[in-house]
Amino acid sequence: MEQRDAALLGIGAAGGVVGGLLGGGNGVLTVPALDRFTTLTRPQVHGTSTLAATAVCVVGAVVYWLVGGTVDLRVGAGMIVGGMVGGVVGARLVAVASETVLRVLLIAVLVLTATKLFLDAVGLDPARGAAVVPPDLLATAWFVVPASLVVGTVVGAWAGAMGLGGGLLAVPALVLLFGVDLHTAAGTSLLVFAPNSLVSGVAHLRQGTASLRIATLVGAASAPGAALGALLALALDTVVLGVVFGTFALLMAVREVVLLLRRRAVVGP
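Keep in mind it's a predicted model, so treat the numbers as computed, not measured.

## Details of the overall build of the protein chain
Then, number 1: Helices and strands together make up the secondary structure of the protein chain, namely 11 helices and 0 strands.
Then, number 2: In the protein chain, the succession of α and β elements from N to C terminus is α-α-α-α-α-α-α-α-α-α-α.
Then, number 3: By the burial criterion, 52% of the 269 residues in the protein chain qualify as buried.
Then, number 4: Put simply, 83% of the contacts in the protein chain that link residues at least 6 apart link residues at least 24 apart.
Then, number 5: For the protein chain, the exposed surface amounts to about 11800 Å²; the carbon and sulfur share of it is 72%.

## Regarding a nonpolar patch on the surface
Then, number 1: The grouping of Val58, Val62, Trp65, Leu66, Val67 and Leu231 at the surface amounts to a nonpolar patch, some 600 Å² of accessible area in total.
Then, number 2: Among the elements that line the nonpolar patch, the one with the most residues is helix H3 (residues 42-68), at 5 residues.
Then, number 3: Its location among the elements puts valine 62 in helix H3.
Then, number 4: Owing to a relative accessible area of 37%, valine 62 belongs among the partly exposed residues under this scheme.

## Side note on the packing of helix H1 (residues 3-22) against helix H2 (residues 27-37)
Then, number 1: Running from amino to carboxyl end, H1 crosses H2 at an angle of 170°, the nearest separation of the two axes being 9 Å. Classed by the angle they form, the pair H1 and H2 counts as roughly antiparallel. Contacts between H1 and H2 involve Arg4, Ala7, Leu8, Ile11, Ala14, Gly15 and Val18 from the first element and Leu29, Thr30, Ala33, Leu34 and Phe37 from the second.
Then, number 2: Partitioned by chemical class, the residues of the contact of H1 with H2 number 9 nonpolar, 2 polar and 1 charged.

## Observations concerning the packing of H2 against H3
Then, number 1: Here H2 crosses H3 at 140°, and the two axes come no closer than 9 Å. Compared by their axis directions, H2 and H3 come out oblique. Crossing handedness for the pair H2 and H3: right-handed. Between H2, through Gly27, Thr30, Val31, Leu34 and Asp35, and H3, the contact on the second element is made entirely by Arg42, Val45, His46, Thr48 and Ser49.
Then, number 2: The class makeup of the residues in the contact of H2 with H3 is 3 nonpolar, 5 polar and 2 charged.

## Overview of the UniProt feature "transmembrane region" (unreviewed entry) in the protein chain
Then, number 1: Taken from the UniProt record, the annotation "transmembrane region" (unreviewed entry) applies to residues 6-29, 50-67, 73-94, 101-119, 139-161, 168-194 and 226-254.
Then, number 2: Across residues 50-67 one finds 100% helix and 0% strand; the C-alpha atoms that close the span lie 26 Å apart.

## Quick look at the pattern of salt bridges
Then, number 1: On inspection of all chains with the given rule, the structure shows 1 salt bridge.
Then, number 2: Here arginine 213 makes a salt bridge to aspartate 5, at a shortest N to O gap of 2.9 Å. With a gap of 208 residues between them, arginine 213 in helix H10 (residues 212-235) and aspartate 5 in helix H1 connect regions that are remote in the sequence.
Then, number 3: With relative accessibility at 47%, the residue arginine 213 sits in the partly exposed group.

## A look at the side chain of threonine 54
Then, number 1: As for its placement among the helices and strands, threonine 54 is situated in helix H3.
Then, number 2: For threonine 54, a relative accessible area of 15% corresponds to the buried category.
Then, number 3: Aside from chain neighbours lying at most four places away, what touches threonine 54 is Ala194, Ser197 and Leu198.

## So, the environment of threonine 70
Then, number 1: Relative to the helices and strands, threonine 70 resides in the loop between H3 and helix H4 (73-93).
Then, number 2: It is 4.3 Å that separates the C-alpha atoms of threonine 70 and threonine 184, two residues lying 114 residues apart in sequence.

## A few points about the confidence of the model for the protein chain
Atom-level detail of predicted coordinates should not be read off regions where pLDDT is low.
Then, number 1: Chain-level statistics for the protein chain give a pLDDT mean of 83 and a share of 89% at 70 or above.
Then, number 2: The least confident element of the protein chain, judged by mean pLDDT, is helix H5 (residues 99-121) at 77; the most confident is H10 at 94.

## Considerations on H1
Then, number 1: Taking 1.5 Å per residue as the helical rise, H1 with its 20 residues ought to reach 28 Å, and the 29 Å between its terminal C-alpha atoms agrees with that figure.
Then, number 2: Among all positions of H1, only Asp5, Leu8, Gly12, Gly15, Gly16, Val18, Gly19, Gly20, Leu21 and Leu22 are buried.

## As for the environment of alanine 186
Then, number 1: Its location among the elements puts alanine 186 in helix H9 (residues 182-206).
Then, number 2: Spatially, the C-alpha atoms of alanine 186 and glycine 23 are 3.9 Å apart, while their sequence positions differ by 163 residues.
Then, number 3: Discounting residues that sit within four places of it in the chain, alanine 186 has contacts with Leu22, Gly23, Tyr64 and Val171.

What counts, and at which threshold
Residues numbered from 1 in each chain as written. Predicted model: local features only at pLDDT ≥ 70, side-chain atom pairs only at ≥ 80, totals over all residues. Heavy atoms only, no water. Helix = DSSP H or I, 4+ residues; strand = E, 2+ residues; numbered from the N terminus. Buried < 20%, exposed > 50% of the residue type's maximum accessible area, 1.4 Å probe, protein only. Contact = heavy atoms within 4.5 Å. Areas by Shrake-Rupley, 256 points an atom, 1.4 Å probe, with all protein chains shown as cover. Patch = residues over 30% accessible without salt bridge, like charges linked within 9 Å, V, L, I, M, F, W, Y side chains within 5 Å. Salt bridge = Lys/Arg side-chain N within 4 Å of Asp/Glu carboxyl O. Axes fitted to C-alpha atoms, helices over the stretch in contact; angles between N-to-C directions. Parallel < 35°, antiparallel > 145°, perpendicular 65-115°, else oblique. Nonpolar A, V, L, I, M, F, W, Y, C, P; charged D, E, K, R; others polar. Left-handed = near helix turned anticlockwise from the far one by under 90°. UniProt positions renumbered as here; feature names shortened; annotations may be inferred. pLDDT = per-residue confidence, 0-100. Expected span 1.5 Å × (residues − 1).

In structure tokens:
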């Protein structure tokens, strides 16, 4: 086995654990790994990472569903449909979308999510764990169905374009907008982005911005990691999982800020 392939297997396994534990986000490991250990172009890196994430989403969602029963189909069904639409859109946007704008939006969501989860952990959340959307609206399908479609489309397009895994946005959306508990949000997020990853990955393959061989290699290694990560998440108390996710979100926000500053330094004012 080539050294590069061994490295990709290791990154795939580690990314699987992260994805299973946090309901996605494994792309934060696979994207830089593919950029470093392969000769893929940047669009191909994003497309390959997206396609490889399919295994994480499928395995992780099955574990959450069978072991913990933590999947919300009421919200998830609309997000699945929207996510598939967004996945196709995202694959097409990867070459034209402003990466700076996408990263700034991600940073804002990550900081907001981390703040809420940390406040939840110490009992200081002003919303007291409730969603920002009024309960009356959440109780009616007339709001939940179209809202979940819109959220799924937006998050799916972002995930398809960036290749970082939709969980970084889907989990916060489920928690903040729909009042879903963190375990269920993670399981639902993985379920939502199983078809999204596949659809957007196939779109990338068709337009030449993904490598089937590398995606298969990384995906195969990530599957057992995803199962392990999901089992670990289900074993953790909600508060502890919230601190873990909040810390991860904050670290990712810092990482994105650093990447933006480096990119600006290279490009210039």
